[in-house]
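Fold and contact review
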Amino acid sequence: GTVGARVTWTVLHSDCVEAMIAMEPASVDAIVTDPPYELGFMGKGWDKAGVSFDPATWAAVCRVLKPGGRIFLLDLIDHNDPGRLVALIYKLSNMA
């Protein structure tokens, strides 16, 4: 970027898929997310909502992310299936 250029950013607090559906394609520079690990942590409903492994979630991410955009993803490492979310996102982002 240009030195001294004004940088703006927006934080959205809403249902992620609904928000991304409303966005223009290739309109987001970066996505920072810590999706639920889908373990039902302490019996909490938000941690077993199904959003983390729903291909529609990550298809929406890939649709709104600009070419060269970045995803900063916090993911639980499952020793039985390491990188499962990364693999799903990679597959969706490389579909023709």
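Everything that follows concerns the structure shown earlier in this document.
Note that this is a predicted model, so its numbers are computed, not measured.

Reading the values: the criteria
Residues numbered from 1 in each chain as written. Predicted model: local features only at pLDDT ≥ 70, side-chain atom pairs only at ≥ 80, totals over all residues. Heavy atoms only, no water. Helix = DSSP H or I, 4+ residues; strand = E, 2+ residues; numbered from the N terminus. Buried < 20%, exposed > 50% of the residue type's maximum accessible area, 1.4 Å probe, protein only. Contact = heavy atoms within 4.5 Å. Areas by Shrake-Rupley, 256 points an atom, 1.4 Å probe, with all protein chains shown as cover. Core = buried A, V, L, I, M, F, W, Y, C linked by side-chain atoms within 4.5 Å. Axes fitted to C-alpha atoms, helices over the stretch in contact; angles between N-to-C directions. Parallel < 35°, antiparallel > 145°, perpendicular 65-115°, else oblique. Left-handed = near helix turned anticlockwise from the far one by under 90°. Arc of directions from axis to C-beta.

**Some points on the overall build of the protein**
Tallying secondary structure elements over the protein gives three helices and two strands in all. Reading the protein from its N terminus to its C terminus gives the helix and strand order α-β-α-β-α. Looking at the protein as a whole, 22% of its 96 residues are labelled buried. Taking the contacts inside the protein whose residues are at least 6 apart along the sequence as the reference set, 65% of them involve residues at least 24 apart. Counting only carbon and sulfur atoms, one obtains 60% of the accessible surface of the protein, whose full area is about 7300 Å².

**Quick word on the nonpolar core**
Within the largest apolar cluster, 12 residues are counted, these being Met-20, Val-28, Ile-31, Trp-58, Ala-60, Val-61, Val-64, Leu-65, Leu-85, Leu-88, Ile-89 and Leu-92. The set of elements that each furnish at least two residues to this core consists of β1 (28–33), α2 (55–64) and α3 (84–93). Excluding residues within four positions of it along the chain, Met-20 makes contact with Thr-57, Ala-60, Val-61, Arg-63 and Val-64.

**Quick word on the packing of α2 against α3**
Look at α2 against α3: their axes get within 9 Å of each other, and the N-to-C directions meet at 55°. As judged from the angle between their axes, α2 and α3 are oblique. As α2 packs across α3, the resulting crossing turns out to be right-handed. Taken together, the residues of α3 that come into contact with α2 (itself represented by Pro-55, Trp-58, Ala-59 and Cys-62) are Leu-85, Leu-88, Ile-89, Leu-92 and Ser-93.

**Concerning α2**
Turning to α2, its buried residues number three or more, namely Thr-57, Trp-58, Ala-60, Val-61 and Val-64. Angular distribution of buried residues about the axis of α2 spans 150°; they occupy a single face of the element.

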